[in-house]
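Chain by chain, the residues run as shown.
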Amino acid sequence: MTNITLIILAAFLFSALCGLIFIPLIIRFCRMRGLYDKPSPRKIHSHAVPRLGGISFLPTMLMALMVAMAVIHRTSEDGQLTLSLWSVYFFISLTIVYCIGLVDDLFCVGALTKFFFQIVAAVIIPMSGLYINNMYGFCGIHEVPLIVGGPFTVFLLVFAMNAINLIDGIDGLAGGLSFIALAGFQICFYREELWPYCILIAGLMGVVVAFLFFNVFGSAEHGNKIFMGDSGSLTLGFILGFLLVKFSMHNPNVMPFRHDSLQLSYTLLIVPVFDVVRVSLLRLFHHRPIFDADKNHFHHKLMRAGLSQHMALIVILSLSLGYIVLNVVLSRWLFMSHIVVIDIILWLIIHMIINHAIILNKQPVFLIKKANKG
C-alpha cells in the first residue's frame, strides 16, 4: 500500500508539473489566434482573457494515468491494474464531452446542441451496466431497477456537467469546488482500495491545481491569466458525475455495502448542485429559459452584498467544506433524508442572510431580464 500511495502522489505531482508547462503554451496559442473570453454585461471580468485552459485537463490526466500504470506494471510482480468495461465506456463518453466542449470554445455551439451531446455521452454509461441501483433508504427507496436507475443516472450526469459549467463565473470557483470534490472522492476510493480511480483522480487534481495557479493568481494585464472554458467545466462536471455514480452504485464484487455512499457523493457536490437548482427554479418562476444566462448565481449575490471576487470565492469554498464536515458528522445519527432537509434549510437561511446584506448594500436581490413579448 505504501508503494501505491507514492505512485498516486507521483501522479498528482507529474500532472501538476505538466499543467504548469502546458498552460503557458495554451495562453500563448490563444493570444496568437485571438481566442479570448471577452467582457460582456453578464460577465464579471473587465479584460479579454484566454479561454482554453480546460483543454489541458484530459490529456494531462491520461498521461499521468498511463505513466503511473506503467510504473506499477514494471515495479511490482503482481502489480497490474485492470480496467473494466465501465472504464472503457467512461473514456468514450468523456471524449465526447471533451470534444463538444472544445468545439464550443473554438467556434461557439448552441445550448441545445451541447445538451444533445451531453445526453449522448451520459446514455453510454448505463449501457455499460453502471447506474444508480440503490438509494440506501433515501425517501424510503432502496433497490432501484435499471429501467428507473438508467434514466436517473443520465439525468445526474447531465446535471453534474451543467452544474459545474454554470457555476464557472468567477476566478477559481469551478476549479476550487471541483478540487474539493475530487479530494473527497480520492479519500472514498482510496478507502475502498480502487487504485485505478485513485490514480485517475490524482492526475486530474494535479492539473486543476496548475490551472488554478494561473486562473486565480494570473493577471490579464501581464498576459498570464486563463479561463477553463467549456472544455474544462464540462470535463470536470462529467468526471465528477461519473465518480458519484460509480461510488454510489452498490456492487458487492467491487466494494462492500456502504449505506452512506450516496450521501457522501451528494455532499461533495452540494454547493454547485444547490446553486443550479435555485437559479433554474428562479428562471422558471420568471418564465425565462433555464439555459438563459443571468447574474443570480451564489457568487453574484455575494458580490452584490459587497464582497470582492476573491472573498466570494473563499466564502463559497468554505461553505462547501462546512457542508462536508456537517454531513459527515450528521450521518452518524441521522438518515440521508433528514440530512438533505437540514441542508436545504441551512441553504435557505444563508440566502436570507445574503439577501438582507444585499438590501443593506442598496443592490437588487435578483437580476431578471424581462421576458420578450410577441
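What counts as what
Residues numbered from 1 in each chain as written. Predicted model: local features only at pLDDT ≥ 70, side-chain atom pairs only at ≥ 80, totals over all residues. Heavy atoms only, no water. Helix = DSSP H or I, 4+ residues; strand = E, 2+ residues; numbered from the N terminus. Rg over C-alpha atoms; globule rule 2.2 N^0.38 Å. Buried < 20%, exposed > 50% of the residue type's maximum accessible area, 1.4 Å probe, protein only. Contact = heavy atoms within 4.5 Å. Areas by Shrake-Rupley, 256 points an atom, 1.4 Å probe, with all protein chains shown as cover. Lys, Arg positive; Asp, Glu negative; His and termini not counted. Charge placed at Lys NZ, Arg CZ, Asp CG, Glu CD. Core = buried A, V, L, I, M, F, W, Y, C linked by side-chain atoms within 4.5 Å. Expected span 1.5 Å × (residues − 1). Axes fitted to C-alpha atoms, helices over the stretch in contact; angles between N-to-C directions. Parallel < 35°, antiparallel > 145°, perpendicular 65-115°, else oblique. Left-handed = near helix turned anticlockwise from the far one by under 90°. Nonpolar A, V, L, I, M, F, W, Y, C, P; charged D, E, K, R; others polar. Patch = residues over 30% accessible without salt bridge, like charges linked within 9 Å, V, L, I, M, F, W, Y side chains within 5 Å. Salt bridge = Lys/Arg side-chain N within 4 Å of Asp/Glu carboxyl O.

S.K.: Quick rundown of the overall build of the protein chain? Include the residues and the values.
M.R.: For the protein chain, the helix and strand inventory stands at 13 helices and 2 strands. For 374 residues, the compact-globule estimate of 2.2 N^0.38 gives 21 Å, and the C-alpha radius of gyration of the protein chain, at 21 Å, lies within 12% of that figure. Counting every position in the protein chain, which comprises 374 residues, the buried fraction comes to 52%. Residue pairs at least 24 apart in sequence account for 73% of intrachain contacts in the protein chain once pairs closer than 6 positions are excluded. Element-wise, carbon and sulfur atoms account for 70% of the exposed surface of the protein chain, whose accessible area totals about 17,600 Å². Seen as two clouds, the 24 positive and the 17 negative side-chain charges of the protein chain have centres 12 Å apart.

S.K.: Tell me what's going on with the nonpolar core, and back it up with residues and numbers.
M.R.: With 104 residues, the main nonpolar core has Phe185, Phe189, Ile199, Leu204 and Leu243 as its most contacted residues. Setting aside anything within four residues of it in sequence, one finds leucine 204 in contact with Phe57, Met61, Leu182, Leu236 and Ile239.

S.K.: Quick one: what's the story with the environment of valine 325, residue by residue and with numbers?
M.R.: Its place among the elements puts valine 325 in helix α12 (residues 309–330). Of the residues examined, valine 325 reaches a relative accessible area of 54% and is grouped as exposed. Along the chain, valine 325 and glycine 101 lie 224 residues apart, while their C-alpha atoms are 33 Å from each other.

S.K.: Hey, could you go over helix α6 (residues 173–191) for me, with residue numbers and the actual values?
M.R.: Owing to its 3.6 residues per turn, the α-helix brings residues three or four apart onto one side. If you check α6, its first and last C-alpha atoms are 27 Å apart, about what 19 residues at 1.5 Å a residue would give, namely 27 Å. With 14 of 19 residues buried, α6 is to be regarded as a mostly interior element.

S.K.: Please give an account of helix α8 (residues 229–248) that cites residues and values.
M.R.: For α8, spanning 20 residues, the distance from its first C-alpha to its last is 29 Å, which sits close to the expected 28 Å at 1.5 Å a residue. Within α8, 20 of the 20 residues are buried, which leaves it mostly tucked inside the rest of the structure.

S.K.: Mind laying out unusual backbone geometry, listing which residues take part and the relevant values?
M.R.: Notably, glutamate 193 is not glycine yet its phi reads approximately 60°, a positive angle. Positionally, glutamate 193 belongs in the loop between α6 and α7 (195–217). Among the residues examined, glutamate 193 registers a relative accessible area of 45% and is labelled partly exposed. One non-glycine residue, lysine 362, lies in the positive phi region at around 60°. When you line up the elements, lysine 362 lands in the segment after α13 (336–360). Look at lysine 362 and you get exposed, because its relative accessible area is 75%.

S.K.: Let's hear about the packing of helix α4 (residues 111–127) against α8: which residues, and what values?
M.R.: Viewed as axis vectors pointing N to C, α4 and α8 meet at an angle of 30°, and their least axial separation amounts to 12 Å. Regarding the angle of α4 to α8, the classification is roughly parallel. Between α4 and α8 lies a crossing whose hand is right-handed. Seen from α4, the contacting residues are Lys114, Gln118, Ala121 and Ile125; seen from α8, they are Asp230, Leu234, Phe238 and Phe242. Here the residues of the contact of α4 with α8 are counted per class, giving 5 nonpolar, 1 polar and 2 charged.

S.K.: Run through a nonpolar patch on the surface, naming residues and quoting values.
M.R.: A grouping of Val277, Leu281, Leu284, Ile290 and Phe291 is seen on the molecular surface, where their side chains present a nonpolar patch of about 430 Å² in accessible area. Its location among the elements puts valine 277 in helix α10 (residues 270–285). By relative accessible area, valine 277 is classed as partly exposed at 34%.

S.K.: Give a description of the pattern of salt bridges that names residues and reports values.
M.R.: Applying the stated criterion across every chain, the model contains 5 salt bridges. Across the pair lysine 114 and aspartate 230 runs a salt bridge whose closest N-O atoms are separated by 2.7 Å. Linking lysine 114 in helix α4 with aspartate 230 in helix α8, this pair joins segments that are 116 residues apart in sequence. The two residues lysine 114 and aspartate 230 agree in class, both being buried. The partner of aspartate 171 in a salt bridge is lysine 225, and the shortest N-O contact between them spans 2.7 Å. Of this pair, aspartate 171 sits in the loop between α5 (146–167) and α6 while lysine 225 sits in the loop between α7 and α8; the two residues are 54 residues apart in sequence, bridging distant segments of the chain.

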